[in-house]
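# Tertiary structure, described
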Amino acid sequence: MTIKNSLKQLPNEKGYFGSFGGRYVSETLMPLILEVEKEYNKIKNDNNFKKELDHYMKTYVGRPSPLFFAKRITKDLNGPKIYFKRDELNHTGAHKINNCMGQILLAKRMGKKRIIAETGAGQHGVATATVCALFGLPCIVYMGEKDIKRQSPNVFRMKLLGAEIRSVTTGSKSLKDAMNEALRDWVTNVKDTFYIIGTAAGPHPYPAMVRDFQSVIGEEVREQILDAENRLPDLLIACIGGGSNALGLFHEFLDDKQIEMIAVEAAGHGLESGAHAASLSGGKPGILHGNKTYLLQSQDGQIDEAHSISAGLDYPGIGPEHSYLFEQKRVQYMSATDKEAIEAFQYCCNLEGIIPALEPSHALAVLKKIAKHYSKDKIVVMNMCGRGDKDIFTIAEELNIKL
Ligand SMILES: *Cc1c(COP(=O)(O)O)cnc(C)c1O
């Protein structure tokens, strides 16, 4: 069935979601990007590729991830029925591996011999290093000097997995600069290198490709909720850094107009403080990393530094599809502060026995606030996109606990 003006058909052939997205790259990068696009279009409808991907998703990643009814939180909030999509149970502890598995299989088909990636918190770096070890390909991860210091457990994990970490000392020494360096590496190693981007951003086709690989989340949810409740949910909610786990949950349901969607940005110390990572609530359109999208920027267009307690949300931009869904008002964008996220983190540990990552704790914080507006017959699905093992040191520091 084709739906007129389907939101699922985007982007257009030039990579635009409305006025956002596109391909703003140098001439030297263009042939590489076009090659990725051509090969991606080939495998999209290739049953052999799908079979191979499904095989690894099932036997290595551990999909499908369960849909869990969070009974005690539901009871405590006295509002809608709350389900968690448990993508934190994936191998390596977050949704990132869904995308990495897809991209490395594509890289293999293209005969690429060397993989590069950028990482902020290190979750994408770990997932990339993992699939590189799995397929015996060398892996180079660009990471800001600042992030290397504050994410040392993940740096060590990447090294154990055989990856080489390259410290980036330019600019703010964090994720934005790591991505710049990775793009630079790609241009200088044209022939043999594949760049695995970690979120639904970058030049076309990356935003669409990453979203497509993550869409397995929502596809599973549709089946699982029909099984459990015999109907579709009323509300979907997820956190957003670049926006890939949220799109992974939402994409399947974009044309189900009755389903409400909320994406939660990191408000850091508060939107009015200036120290936050809420690109939509606090930014304006500009161009970064090869696409047009909402960005945190100063009056004269300099990219501002983002702040969030959760390193995975600490990015001054957002995937272009979100900018479009924001302006179309298909998805509602809200935010939660560091403090609210920590409270929700503890709440989830205590009530459900699940230690969530700080990123989805932002989504839970908003859900806690709005639950009272939904009646008991409503159904909510929240994406539990990562586990909190990586965050225990941050939490201990925030709560003044010595480990
Ligand atoms: C990387 C990461 C995010 C942010 O990335 P998105 O592309 O917005 O999903 C959120 N949660 C976790 C657990 C992450 O590792």
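Going along each chain's sequence as written, the residues are numbered from 1 onward. With pLDDT at 70 or above as the cut-off, local features in this predicted model cover only qualifying residues; side-chain atom pairs require 80 or more to be listed or tallied, and sums for whole chains, interfaces and linings still use all residues. Excluding hydrogens and water, the side-chain values take into account all heavy atoms of the structure.

## A closer look at the domain arrangement of the protein
By a widely used convention, the size of an interface equals the accessible area lost when the partners come together. Per the annotation, domain bounds derive from an automatic or database assignment of domains. The assigned domain composition of the protein is domain 1 (18-58 + 96-210) and domain 2 (64-93 + 215-398). Using only C-alpha atoms to locate each centre, domain 1 and domain 2 end up separated by 23 Å. In this complex, domain 1 contributes 36 residues to the contact, which on the side of domain 2 involves 34 residues. Overall, the association of domain 1 and domain 2 removes approximately 2,700 Å² of surface from exposure, summing both partners, and the carbon and sulfur fraction of that is 63%. Contacts: residue pairs with any heavy atoms within 4.5 Å of one another. By buried area we mean the combined loss of accessible area, with a 1.4 Å probe, across both parts when two parts are placed together.

## Comments concerning the environment of valine 25
Within the secondary structure, valine 25 is located in the loop between strand S2 (20-21) and helix H1 (30-44). Counting along the chain gives 131 residues from valine 25 to phenylalanine 156, while the straight-line C-alpha distance between them is 33 Å. When sequence neighbours within four positions are dropped, the list of residues in contact with valine 25 reads Met30, Ile33, Pro203 and Gly290. By the criteria applied, helices consist of DSSP H or I runs no shorter than four residues and strands consist of E runs no shorter than two, each listed in order from the N terminus.

## Comments concerning the sheet that holds strand S4 (residues 81-85)
Strands qualify as paired when DSSP identifies two bridges or more between them. Read from one edge to the other, the open sheet built from 6 strands follows the order S3-S4-S14-S9-S10-S13, with strand pairing classed as mixed. A single partner strand is all that each edge strand has here, and the edge strands are strand S3 (67-69) and strand S13 (332-336). Geometrically, the sheet is characterised by an average inter-axis angle of 25° between neighbouring strands, direction not taken into account. Bridging between S3 and S4 involves 3 bridges; their strand directions are antiparallel. Bridge pairing links phenylalanine 69 to tyrosine 83 in S4. In this analysis, axes come from line fits to C-alpha atoms, helices being fitted only over the stretch in contact, and the angle between any two N-to-C directions falls in the range 0 to 180 degrees.

## Brief notes about the site of the ligand
We call a residue near a molecule or strand whenever a single non-hydrogen atom of that residue lies within 4 Å of it. Near the ligand lie 15 residues; those nearest to it are Lys96, Thr199, Gly241, Gly243 and Ser244. A distance of 2.5 Å separates an oxygen atom of the ligand from a polar side-chain atom of threonine 199. Counting of polar contacts relies on pairs of N or O atoms within 3.5 Å, with two restrictions inside protein: one atom must be capable of donating a hydrogen and the other of accepting it, and residues adjacent in sequence are counted only when both atoms are side-chain atoms. Asparagine 245 places a side-chain nitrogen or oxygen 2.8 Å from an oxygen atom of the ligand. Accessibility throughout is a Shrake-Rupley quantity obtained with a 1.4 Å probe, and a residue counts as covered only by protein chains that appear here. When the ligand is considered free in solution it has 380 Å² of accessible area, and contact with the protein chains removes 96% of it. Any residue with an atom within 4 Å of a point lines the site, the site being either a cavity, points on a 1 Å grid over the protein atoms alone where a 1.4 Å probe fits but cannot get out, or a pocket, an open set with protein on both sides within 12 Å along at least 5 of 7 lines. The rule for placing a molecule in a cavity or pocket is simple: more than half of its atoms must lie within 2 Å of the grid points. Put simply, the ligand lies in the largest cavity. Of the residues that constitute the shell around the ligand, the class distribution is 3 nonpolar, 10 polar and 2 charged. Counting contributing residues, the shell around the ligand receives three or more from each of domain 1 (18-58 + 96-210) and domain 2 (64-93 + 215-398). Under the convention adopted here, Pro, Cys and the residues Ala, Val, Leu, Ile, Met, Phe, Trp and Tyr are nonpolar, Asp, Glu, Lys and Arg are charged, and Gly plus all remaining residues are polar.

## Quick word on the packing of aromatic side chains
Aromatic rings from Phe, Tyr and Trp, with only the six-membered ring used for Trp, were paired whenever their centres fell within 6.5 Å, and each pair was classed as stacked if the ring planes differed by under 30 degrees, edge-to-face if by over 60, and tilted otherwise. Under the definition given, this model contains 10 aromatic pairs. Seen in terms of ring centroids, tyrosine 56 and phenylalanine 135 are 5.2 Å apart; in terms of plane orientation they differ by 75°. Their pairing is edge-to-face. Taken as a pair, tyrosine 56 in helix H2 (residues 47-61) and phenylalanine 135 in helix H5 (residues 123-135) lie far apart in primary sequence, 79 residues in all. Aromatic pair tryptophan 186 and tyrosine 195: ring centres 5.8 Å apart, planes at 75°, arrangement edge-to-face. One aromatic cluster is present, built from ring pairs that chain together Phe20, Tyr294, Phe326 and Tyr333. Comment: the charge-over-ring label is applied if NZ (Lys) or CZ (Arg) is within 6 Å of the ring centre and within 35 degrees of the ring normal. Residue placement shows lysine 81 over the ring face of phenylalanine 69; its charged tip is 5.3 Å from the ring centre.

## Quick word on the packing of helix H4 (residues 96-109) against helix H9 (residues 206-214)
When two helices pack together, you describe them by how their axes are tilted relative to each other and by the distance separating the axes. Where H4 contacts H9, the axes come no closer than 8 Å and their chain directions differ by 115°. For H4 against H9, the interelement crossing comes out right-handed. Contacts from Lys96, Asn98, Asn99, Gly102, Gln103 and Leu106 of H4 reach H9 at Tyr206, Met209, Val210, Phe213 and Gln214. Partitioning the contact of H4 with H9 into residue classes produces 5 nonpolar, 5 polar and 1 charged. The handedness criterion is simple: a crossing whose near helix is rotated anticlockwise from the far helix by less than a right angle is left-handed, and one whose near helix is rotated clockwise is right-handed.

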